[in-house]
Amino acid sequence: MAAPAADRGWLHDADLAAQKSNEAVAVAAEKCADDTKGQTCYICTEALHWKTKEGLVRMCSCRGTAGFVHVSCLAEQAKILVAEAEENNLDWKVRDARWKRWYSCSLCEQRYQGVVQCALGWACWKTYVGRPEGNVARSLAMTSLGNGLSAAEHHEDALTVREAELAMKRRLGASEASILVVQGNLGNLYDKLGRLEQALQMRQDAYSGHLKFYGEEHEDTVRTANNYAASLYNLQSFEEAKLLLRRTVPVARRVFGDDHRLTLSLGWMYAMALYLDEGATLDDTIESVNTLEELERTARRVLGGAHPLTTAMEDNLRQARAALREEVREEARTRGAAIIYAAAALAVAAVLVLRKKLT
Ligand SMILES: [Zn+2]
Ligand SMILES: [Zn+2]
């Protein structure tokens, strides 16, 4: 269920955004305290921020003595760079590069992670929340906040933001591409929150939207197909999952190759749906075990034995083999019973013939 409109009021409250931003910065600095001990900010060169007294953070790919920084210094820098691009009406490529300062490190060019991304997301939202609804920076800030909340695993809050984002984009007639991104994010959030039916609905919409907009060979389409299949699988709709995967696995193999993570994941779900489906035959289970064996070998080679997908495949392969053994045993029992039954029928017939002859 979506949160009632009254509960979403907090999102548009500028004072609350400022307060949430301060709290998120404190959480991020606390989390990074051990890593940043004895270091200074590469922007203001101080250990403690002159105004907010906040500590340092670093959650990107910077190593050694590089990349220690205050969230407030990052936010100030991003705000100035974006304002300058807006004032001088610089082209979208420059604006885009400058907007990146709201979520990625200017030194290693990698996205900030977890609570640091969350703190920057709040700082960004605090900066632009007061602008009118159609403003581009405000819209991008809402996306940044949703991404940051997800990165810090604040899924309920992230959901409120994403639902507001989708409603806003629809109201404003935003591009199909940007609506599809929000739908994909929403589907993943519903799934994380255990709202499986809603996740299925949203992922189905996202998949058919991607199919129409980008075509079946686009990576984003295959990725949304993977998520949609996972939702069908979670709800044990194996028949529908098989139909979807029969269409998608060959596309993934052709476009990305057998070693690609998406190909492995899609193939794995297909093999599982094949033997878990109620109407599965002995041949289906045999095909399933053979496919899982092949996929497990590839996953071990490409991703390594410790990767979650590889270990999950190992578990499933064990289960599928056990199911196959059970089915073979059952088949033997049924055949055995059939032979006894046929022999008994023959004996009865022989007796009847004999009786007829005797009378
Ligand atoms: Zn600083
Ligand atoms: Zn960095």
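Note that the coordinates shown come from a computational prediction; the quantities given were computed from them, not determined experimentally.

**Here's the deal with the overall build of the protein**
Part 1 of the reasoning: The helix and strand tally for the protein stands at 13 helices and 0 strands.
Part 2 of the reasoning: Along the protein, helices (α) and strands (β) appear in the sequence α-α-α-α-α-α-α-α-α-α-α-α-α when read from the amino end.
Part 3 of the reasoning: A compact globule built from 359 residues should have a C-alpha radius of gyration of about 21 Å, whereas the protein, at 29 Å, is more than 25% larger.
Part 4 of the reasoning: Overall, the protein is about 115 × 45 × 40 Å in size when its C-alpha atoms are taken along their principal axes.
Part 5 of the reasoning: Counting all 359 residues of the protein, 37% fall into the buried class.
Part 6 of the reasoning: Taking all contacts inside the protein whose residues are at least 6 apart in sequence as the whole, residues at least 24 apart take part in 56%.

**With respect to the environment of Ala-323**
Part 1 of the reasoning: For Ala-323, the location among the structural elements is in helix α13 (residues 308-358).
Part 2 of the reasoning: A tally of 16 C-beta atoms within 10 Å means that Ala-323 is categorised as partly exposed.
Part 3 of the reasoning: Considering only alpha carbons, one finds Ala-323 and Val-222, 101 residues apart in sequence, at a separation of 30 Å.
Part 4 of the reasoning: Apart from residues lying up to four places away in sequence, Ala-323 is in contact with Tyr-275 and Thr-285.

**Points about the environment of Arg-203**
Part 1 of the reasoning: Its place among the elements puts Arg-203 in helix α8 (residues 196-214).
Part 2 of the reasoning: Once the C-alpha coordinates of Arg-203 and Arg-223 are considered, the two residues, 20 residues apart in sequence, prove to be 10 Å apart.

**So, helix α11 (residues 261-276)**
Part 1 of the reasoning: When the terminal C-alpha atoms of α11 are compared, their 22 Å separation across 16 residues agrees well with the 22 Å that a helix rising 1.5 Å per residue should span.
Part 2 of the reasoning: α11 sits mainly inside the fold: 14 of its 16 residues count as buried.

**A look at the nonpolar core**
Part 1 of the reasoning: Among the nonpolar cores identified, the biggest contains 87 residues, and Ala-28, Val-71, Ala-119, Leu-120, Ala-229, Met-269 and Ala-273 are the most heavily contacted of them.
Part 2 of the reasoning: With 11 residues, the single largest contributor to this core is α11.
Part 3 of the reasoning: Residues in contact with Val-71, not counting those within four places in the same chain, are Val-25, Ala-28, Glu-54, Val-57, Val-116, Ala-119, Leu-120 and Ala-123.

**Side note on unusual backbone geometry**
Glycine aside, the phi torsion of most residues is negative, and most peptide linkages are trans.
Part 1 of the reasoning: For Asn-89, which is not glycine, the phi torsion reads 50° and is therefore positive.
Part 2 of the reasoning: Mapped onto the secondary structure, Asn-89 falls in the loop between α2 (71-87) and α3 (92-99).
Part 3 of the reasoning: Asn-89 gets classed as exposed once you count the C-beta atoms within 10 Å, which come to 7.
Part 4 of the reasoning: At Glu-153, a residue that is not glycine, the phi angle is positive and equals roughly 65°.
Part 5 of the reasoning: Here Glu-153 is to be found in the loop between α5 (136-151) and α6 (155-172).
Part 6 of the reasoning: Residue Glu-153 is classed as exposed on the basis of its C-beta count, with 11 C-beta atoms lying within 10 Å.

**Things to note about the UniProt feature "domain: RING-CH-type" (unreviewed entry) in the protein**
Part 1 of the reasoning: UniProt's entry tags residues 41-76 with the feature "domain: RING-CH-type" (unreviewed entry), counted in the numbering of this structure.
Part 2 of the reasoning: This span, residues 41-76, is 17% helix and 0% strand, and a straight line between its end C-alpha atoms measures 13 Å.

**So, helix α12 (residues 282-302)**
Part 1 of the reasoning: Compared with the 30 Å implied by 1.5 Å per residue over 21 residues, the 30 Å span of α12 between its first and last C-alpha is a close match.
Part 2 of the reasoning: Those residues of α12 that sit buried are Thr-285, Ser-288, Val-289, Thr-291, Leu-292, Leu-295, Glu-296 and Ala-299.
Part 3 of the reasoning: Phi turns positive one or two residues past the end of α12, at Gly-304, with a value near 95°.

**Some points on the packing of helix α1 (residues 14-36) against helix α4 (residues 114-128)**
Part 1 of the reasoning: Where α1 contacts α4, the two axes come as close as 8 Å, and the packing angle between them is 160°. The angle between α1 and α4 places the two elements in the roughly antiparallel class. Note on packing geometry: the crossing formed by α1 with α4 is left-handed. Here Ala-17, Ala-18, Lys-20, Ser-21, Ala-24, Val-25, Val-27, Ala-28 and Lys-31 of α1 come into contact with α4, specifically with Val-115, Val-116, Cys-118, Ala-119, Trp-122, Ala-123, Trp-125 and Lys-126.

**Details of the packing of α2 against α3**
Part 1 of the reasoning: Between α2 and α3, whose axes approach to 9 Å, the crossing angle comes to 165°. With respect to α3, the axis of α2 lies roughly antiparallel. The way α2 lies across α3 gives a crossing that is left-handed. Between α2, through Leu-81, Val-82 and Ala-85, and α3, the contact on the second element is made entirely by Val-94, Arg-95, Arg-98 and Trp-99.

Cut-off values and rules
Residues numbered from 1 in each chain as written. Chains lettered and ligands numbered in written order. Predicted model: local features only at pLDDT ≥ 70, side-chain atom pairs only at ≥ 80, totals over all residues. Helix = DSSP H or I, 4+ residues; strand = E, 2+ residues; numbered from the N terminus. Rg over C-alpha atoms; globule rule 2.2 N^0.38 Å. Buried ≥ 20, exposed ≤ 12 C-beta atoms within 10 Å, placed from the backbone. Contact = placed C-beta atoms within 7 Å. Expected span 1.5 Å × (residues − 1). Core = buried A, V, L, I, M, F, W, Y, C linked by C-beta atoms within 7 Å. UniProt positions renumbered as here; feature names shortened; annotations may be inferred. Axes fitted to C-alpha atoms, helices over the stretch in contact; angles between N-to-C directions. Parallel < 35°, antiparallel > 145°, perpendicular 65-115°, else oblique. Left-handed = near helix turned anticlockwise from the far one by under 90°.

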